[in-house]
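Residue-level listing of the chains:
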Amino acid sequence: MSAEQSKKENTGPQRLQPQTQSTEGSAAPELAAAVDELLDQLQNKFDNVSTEIFGKLDDMARRLDDLETSLNSSVREDAVAKS
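Along each chain, the written sequence defines residue order, and numbers are assigned to residues from 1. Totals for whole chains, interfaces and linings use all residues, but because this is a predicted model, local features are given only for residues with pLDDT of at least 70 and pairs of side-chain atoms are given and counted only at 80 or more. The side-chain quantities take in all heavy atoms of the structure and omit both hydrogens and water.

The name that an unreviewed UniProt entry assigns to the protein is Heat shock factor-binding protein 1, with the source organism given as Talaromyces islandicus. UniProt positions are given in the numbering used here, feature names are shortened, and annotations may be inferred rather than shown by experiment. For the protein, the Sequence similarities (unreviewed entry) comment in UniProt is given as "Belongs to the HSBP1 family."

Asks: I'd like a rundown of the overall build of the protein, residues and numbers included.
Replies: Scanning the protein for helices and strands turns up two helices and zero strands. Note on exposure labels: buried denotes an accessible area under 20% of the residue type's maximum, exposed denotes more than 50%, and partly exposed covers the range between, all computed with a 1.4 Å probe on protein chains only. Taking all 83 residues of the protein together, 1% fall into the buried category. Put simply, DSSP H or I for four residues or longer makes a helix, DSSP E for two residues or longer makes a strand, and each gets a number counted from the N terminus.

Asks: So what's going on with the pattern of salt bridges? Residues and values would help.
Replies: Note on definitions: salt bridges are taken to be side-chain nitrogens of Lys or Arg within 4 Å of carboxyl oxygens of Asp or Glu. Tallying each qualifying case throughout the model produces three salt bridges. Between Arg62 and Asp59 there is a salt bridge; the shortest N-O distance is 2.4 Å. Separated by three residues within a single helix, Arg62 and Asp59 lie in helix H2 (residues 21-82), roughly one turn from each other. By relative accessible area, Arg62 is classed as partly exposed at 44%. Taking relative accessible area as the criterion, Asp59 reaches 32% and is therefore assigned partly exposed. Here Arg62 ties to Asp66 by a salt bridge, and the two come within 3.4 Å at their closest N and O atoms. Taken together, the residues span about one helical turn, with Arg62 and Asp66 both in helix H2 at a distance of four residues. In the salt-bridge network here, residues are joined through shared partners; they are Asp59, Arg62 and Asp66.

Asks: Would you mind going over a nonpolar patch on the surface in detail, with residue names and values included?
Replies: Patch membership requires more than 30% relative accessible area and the absence of a salt bridge. Residues of like charge join within 9 Å; the nonpolar side chains Val, Leu, Ile, Met, Phe, Trp and Tyr join within 5 Å. Surface accessibility follows the Shrake-Rupley procedure with a 1.4 Å probe radius. Residue values consider only the protein chains on display as shielding. Nonpolar side chains collect at one region of the surface, where Val49, Ile53, Phe54, Leu57, Met60, Leu64, Leu67 and Leu71 lie side by side and expose about 790 Å² of accessible area between them. Residue position: Phe54 is located in helix H2. By relative accessible area, which is 54% here, Phe54 ends up exposed.

Here you go:
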């Protein structure tokens, strides 16, 4: 069997060639840029969600204060009416 025939008959799994240093060197800055962009997007989303949550908490606190004021005035009116 010749060397060329054995190459054709070898249908087993092929081994991947390791990446050369130049390929790894060019991929690293692209990966770093992609990760930085993803982190910036996540930070912006987190900031937006935080702002929205704090806004809703402030609104809820204001509404609870209004409710408390309304209840206190209602209790005072009842006390005055019973006197």
